[in-house]
Amino acid sequence: MTAGARHSDAGMTPGVLRDGASALGGANPRGCPHLSICLRALLPTCQIARGEAMITEPMAVFGLGRWGLTLARTLLDAGLPLVAVSSQRPRVKQELPDPLWPLWTGDTQRLVERARWIFLTVRDDAIEPTARRLASLRTDWTGYTFVHSSGAHGRELLEALHQRGARTGVFHPLNAFPDPLRHPTTVAGTPFGIIADEDLRSDLFELAEKLGGRPFAIPPDLRSVYHLVAVLVANAPLVLISLGRELLRRSGLEPDVRWEYYAVLLQSALSHATDPEPILYLTGPWARRDRTTVRQHRDALQGLYPEAVPLYEQLVALAQALYLAATGQPMGGEI
Ligand SMILES: NC(=O)c1ccc[n+]([C@@H]2O[C@H](COP(=O)([O-])OP(=O)(O)OC[C@H]3O[C@@H](n4cnc5c(N)ncnc54)[C@H](OP(=O)(O)O)[C@@H]3O)[C@@H](O)[C@H]2O)c1
């Protein structure tokens, strides 16, 4: 972050920035838009901070889907200088919650005139084309920062902007934000995976902390594995839960046996999720290597949901293999 941008955020309310946004740019494109005013008037609320970096540059969120909406709201809640939000769909403006709709613009040119930090929160396959389209608006993007939030991709998607002078990075929330309008998920506590060069990396770490998140650097060459684990952990339990519910329905066990009763087991499994070796907490026929019961399960599944039989067999085998890898011993009992 430039020295000119190192200000206390005490006087940096989003409203003030919005009003002052047209005065941005010129000789100090990445600096605080209030710098000249601040120095002239010596406002006590706009002191130049000593030492610590602070994110004070005007920000925009481009793409108002699930994460874009969540991010925009969280930036505002954290008192960060969000000056614009943008969506390809004009009707989105009507659905925006109160603090966001005045910031809406459908005019990309206007957005880049106002903001210096632009979060590209469009869906993954639209990031690169959007970056190329934006890059073509100017020959020089020096002083701008562009960030995308995909965990599956690196900075290469923003190369067109990087080649024209912009700083680029990845700011990936390791969390799920399925329904920001009806059931907003809080960003506080979210780990943020970050890929960026040194100076932007420290800004993104600072930003994550301001949002109540926990930043960490993703080794760029291991990005695919990082994302694979995220997808497995976020989705595989939901697939298994959905299968369990479907088996209750198809078998007719419901309504006598309600799905909620099984939630206790899920909570028990989750309580071991952060232990170093969760596989040690397996119970039941897999852990006992009880071949008879496993066969009964397979037969029941064959009758109710035959497509899931190979998965069940593979889970048993995987459990054995993971246990062996963790302990050097096979799981106890016969199978
Ligand atoms: N949601 C999550 O839980 C989550 C978690 C971690 C990371 N992320 C990342 O956040 C980013 C956005 O994901 P999301 O879940 O918010 O997706 P989403 O809800 O599907 O929204 C994506 C947005 O992309 C825009 N878009 C769609 N097609 C486009 C096109 N052809 N050209 C330009 N823009 C287009 C749309 O924005 P407009 O119509 O508003 O312009 C849409 O609202 C992705 O990179 C994703 O990997 C999401």
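Above this text you will find the structure in question.
K.L.:
What is the right way to read the overall build of the chain from this model?
P.N.:
Looking only at helices and strands, the chain has 13 helices and eight strands in total. The proportion of buried residues among the 335 residues of the chain is 40%. Considering only contacts in the chain between residues 6 or more positions apart, those separated by 24 or more positions represent 63%.

K.L.:
Would you mind going over unusual backbone geometry with me for this structure?
P.N.:
A negative phi holds for most residues other than glycine; trans holds for most peptide bonds. Cis geometry is adopted by the peptide bond preceding Pro 255, which originates at Glu 254 and carries an omega value of 15 degrees. Mapped onto the secondary structure, Pro 255 falls in the loop between α9 (223–251) and α10 (263–271). Positive phi, close to 55 degrees, is recorded for Arg 289, a residue that is not glycine. With respect to the secondary-structure elements, Arg 289 resides in the loop between α11 (284–288) and α12 (291–304).

K.L.:
Can you walk me through α9 in this structure?
P.N.:
Because the α-helix completes a turn every 3.6 residues, residues three or four places apart line up on one side. The first and last C-alpha atoms of α9 sit 42 Å apart over 29 residues, in line with the 42 Å expected at 1.5 Å per residue. The sharpest bend along α9 comes to roughly 30 degrees, located at Asn 235, with the proline Pro 237 sitting one to four residues further on. Among all positions of α9, only Arg 223, Tyr 226, Ala 230, Leu 243 and Leu 248 are buried. The inward-facing, buried residues of α9 contact β6 (167–173), β7 (191–196) and β8 (214–217).

K.L.:
Explain the pattern of salt bridges to me, please; I cannot follow it from the model alone.
P.N.:
One pass over the full model with this rule turns up 12 salt bridges. We note a salt bridge from Asp 197 to Arg 155, for which the minimum N-O separation is 3.2 Å. Here Asp 197, found in the loop between β7 and α8 (198–210), pairs with Arg 155, found in the loop between β5 (145–148) and α7 (159–163); they are 42 residues apart in sequence, far enough to count as distant. Classification of Arg 155 by relative accessible area gives partly exposed; the value is 24%. Arg 298 is paired through a salt bridge with Glu 313; the nearest N and O atoms lie 3.3 Å apart. Residue Arg 298 is found in helix α12, and its partner Glu 313 is found in helix α13 (residues 309–327); the two are separated by 15 residues along the sequence. A residue is classified by how much of its surface remains accessible, and Glu 313, at 36% relative accessible area, is partly exposed. Among the charged side chains, a network of salt bridges with common partners joins Arg 167, Asp 199 and Asp 203.

K.L.:
What is the right way to look at the site of the ligand in this model?
P.N.:
Taken together, 22 residues sit near the ligand, with Ser 87, Gln 88, Arg 89, Asp 124 and Phe 177 positioned nearest. Taking Arg 89, its side chain carries an N or O atom lying 2.5 Å from an oxygen atom of the ligand. Take Asp 124: an N or O atom from its side chain is 2.6 Å from an oxygen atom of the ligand. In isolation the ligand offers 880 Å² of accessible surface; the protein chains occlude 77% of this area. Broken down by secondary-structure element, the contributors of at least two residues to the shell around the ligand are α3 (66–77), α6 (124–135) and β6. At four residues, α6 tops the list of elements feeding residues into the shell around the ligand. For the shell around the ligand, a count of residues per class yields eight nonpolar, 10 polar and four charged.

About the thresholds
- Residues numbered from 1 in each chain as written.
- Predicted model: local features only at pLDDT ≥ 70, side-chain atom pairs only at ≥ 80, totals over all residues.
- Heavy atoms only, no water.
- Helix = DSSP H or I, 4+ residues; strand = E, 2+ residues; numbered from the N terminus.
- Buried < 20%, exposed > 50% of the residue type's maximum accessible area, 1.4 Å probe, protein only.
- Contact = heavy atoms within 4.5 Å.
- Expected span 1.5 Å × (residues − 1).
- Bend = angle between axes of the 7 residues up to and from the residue.
- Salt bridge = Lys/Arg side-chain N within 4 Å of Asp/Glu carboxyl O.
- Near = heavy atom within 4 Å.
- Polar contact = N/O pair within 3.5 Å; in protein donor to acceptor, adjacent residues only side chain to side chain.
- Areas by Shrake-Rupley, 256 points an atom, 1.4 Å probe, with all protein chains shown as cover.
- Nonpolar A, V, L, I, M, F, W, Y, C, P; charged D, E, K, R; others polar.

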